[in-house]
Amino acid sequence: MILLRPARPADAPALARTHVAVWRRTYRDLAPQSAQDALDEARRLAFWTGALGDPARPGPVLAAESGGAVIGFASGGFASGGPATEAVFAGRAEVKHLYVDDAHARRGIGRRLLAALCADLWAGGARGIGLGVVVGNDPAIAFYEAMGGRRHGRYTDPGPLWRSDNWLYVWDDPARLPTPPEGDGAA
């Protein structure tokens, strides 16, 4: 049974571990080695400790939990709580992170996290949702297209670690937001 819940400050170490492990595997052939080397658990732990400890955080962070362990997470933000990463988002809320531990991949957890995050963002006032996908990250592109994301533009993300060429995927119609898989064993 997988439980989706708001992430808590105590989840920061698990989010940091998952973030680094999945990011390194995903971008090993896309990001330069200097970015691979710079993204470590200490850097991510500092980020997630700060984000989860900030009561004024401009958007939700959701954790997927199984057997008491965090196995994935998603986070998003609102333009009203600070600008989206890039102007190309045009006021849409932004899906900033979506990561599922490799041992639990391909079980519908990413789909559930994305659906729940989009629902939270929409309920919080979003009138459109976007996310950037690094060009060449074909598994993610296929996933977001299967979730109803529409390719809307392209931009260069200056990023903190490397400049990446990205596709923008959007959901502008609440009737077309991602939905959780049927019979997903939600708790």
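Rules behind the numbers
Residues numbered from 1 in each chain as written. Predicted model: local features only at pLDDT ≥ 70, side-chain atom pairs only at ≥ 80, totals over all residues. Heavy atoms only, no water. Helix = DSSP H or I, 4+ residues; strand = E, 2+ residues; numbered from the N terminus. Buried < 20%, exposed > 50% of the residue type's maximum accessible area, 1.4 Å probe, protein only. Phe/Tyr/Trp six-rings, centres within 6.5 Å; stacked < 30°, edge-to-face > 60°. Salt bridge = Lys/Arg side-chain N within 4 Å of Asp/Glu carboxyl O. Pairing = 2+ DSSP bridges. Axes fitted to C-alpha atoms, helices over the stretch in contact; angles between N-to-C directions. Contact = heavy atoms within 4.5 Å. Core = buried A, V, L, I, M, F, W, Y, C linked by side-chain atoms within 4.5 Å. Parallel < 35°, antiparallel > 145°, perpendicular 65-115°, else oblique. Left-handed = near helix turned anticlockwise from the far one by under 90°. Nonpolar A, V, L, I, M, F, W, Y, C, P; charged D, E, K, R; others polar.

Novice: Honestly, unusual backbone geometry in this entry has me stumped. Any pointers?
Specialist: Trans is the prevailing form of peptide bonds, just as negative phi is the prevailing case for residues other than glycine. Unlike most non-glycine residues, Ala 90 shows phi in positive territory, near 50°. Among the structural elements, Ala 90 can be located in the loop between strand 3 (69-77) and strand 4 (93-100). Overall, Ala 90 belongs to the exposed group, its relative accessible area being 61%. A positive phi angle is found at Arg 106, which is not glycine, with a value near 65°. For Arg 106, the location among the structural elements is in the loop between strand 4 and helix 4 (109-123). By relative accessible area, Arg 106 is classed as exposed at 82%.

Novice: Hey, could you run me through the packing of aromatic side chains in this one?
Specialist: For any pair of aromatic rings, the description rests on two quantities: the centre-to-centre distance and the angle between the ring planes. A full pass over the atoms with the stated rule returns 9 aromatic pairs. With 5.9 Å between their ring centres and 65° between their planes, Phe 89 and Tyr 155 make a pair best called edge-to-face. Of this pair, Phe 89 sits in the loop between strand 3 and strand 4 while Tyr 155 sits in strand 6 (residues 150-157), and the two are 66 residues apart along the sequence. The exposure class assigned to Tyr 155 is buried, which follows from its relative accessible area of 9%.

Novice: How do you make sense of the pattern of salt bridges when you look at a structure like this?
Specialist: Between side chains of opposite charge, a pair can form when the charged atoms approach closely. For the structure on display, the rule yields 8 salt bridges. Across the pair Glu 94 and Lys 96 runs a salt bridge, and its minimum N-O distance is 3.2 Å. For Glu 94, a relative accessible area of 6% gives the class buried. Where Arg 150 meets Asp 172, a salt bridge forms, and the shortest distance between an N and an O atom there is 3.1 Å. Here Arg 150 is found in strand 6, whereas its partner Asp 172 is found in the segment after strand 7 (164-171), with 22 residues between them in sequence.

Novice: Would you mind going over the pairing of strand 6 with me for this structure?
Specialist: The side chains of a regular strand alternate, first on one face of the sheet and then on the other. In terms of strand pairing, strand 6 meets strand 7 through 7 bridges, oriented antiparallel. Following the sheet pairing, Arg 154 is matched in strand 7 by Trp 167. Between strand 6 and the antiparallel strand that follows it, strand 7, lie 6 residues; Gly 159 among them carries a positive phi value of about 45°.

Novice: Explanation requested: the sheet that holds strand 5 (residues 129-134) in the structure shown.
Specialist: Either a parallel or an antiparallel arrangement is found when strands of a sheet pair, and the pairing is made through backbone hydrogen bonds. What the 7 strands build is an open sheet, ordered 1-2-3-4-5-7-6; its pairing is mixed. Only two strands of the sheet have a single partner each, and these edge strands are strand 1 (3-6) and strand 6. Here the strands of the sheet are splayed against their neighbours by 30° on average, with no regard to which way each runs. Running over the sheet, helix 3 (residues 41-52) touches strand 2 (61-66), strand 3 and strand 4 and is turned about 125° from strand 4. Where helix 4 meets the sheet, it contacts strand 1, strand 2, strand 3, strand 4, strand 5 and strand 7, and its direction lies at approximately 155° from that of strand 4.

Novice: Looking at this model, I keep getting lost on the nonpolar core. Mind explaining?
Specialist: It is characteristic of soluble globular proteins that their nonpolar side chains tend to be buried jointly. Within the largest apolar cluster, 28 residues are counted, with the highest numbers of intra-cluster contacts made by Val 95, Leu 113, Leu 114, Ile 129, Leu 131, Tyr 144 and Trp 171. Looking at which element gives the most residues to this core, the answer is helix 4, with 7 residues. If we skip the residues at most four places from it in the chain, Trp 171 touches Leu 114, Trp 122, Gly 128, Ile 129, Leu 131, Tyr 144, Met 147, Gly 148, Gly 149, Arg 176, Leu 177 and Pro 178. Judged by nonpolar contacts, the second largest core, of 21 residues, contains Tyr 27, Trp 48, Ala 51 and Val 70.

Novice: What should I look at first to understand the packing of helix 1 (residues 12-27) against helix 3 in this one?
Specialist: When two helices pack together, their arrangement is given by the angle between the helix axes and the distance between those axes. Viewed as axis vectors pointing N to C, helix 1 and helix 3 meet at an angle of 135°, and their least axial separation amounts to 8 Å. Comparing their axes, helix 3 and helix 1 come out oblique. Considering how the two elements wind past one another, helix 1 and helix 3 form a crossing that is right-handed. When helix 1 is examined against helix 3, the residues Ala 12, Pro 13, Leu 15, Ala 16, Arg 17, His 19 and Val 20 are found in contact with a partner set consisting of Glu 41, Arg 44, Leu 45, Trp 48, Thr 49 and Leu 52. Split by residue class, the contact of helix 1 with helix 3 holds 8 nonpolar, 2 polar and 3 charged.

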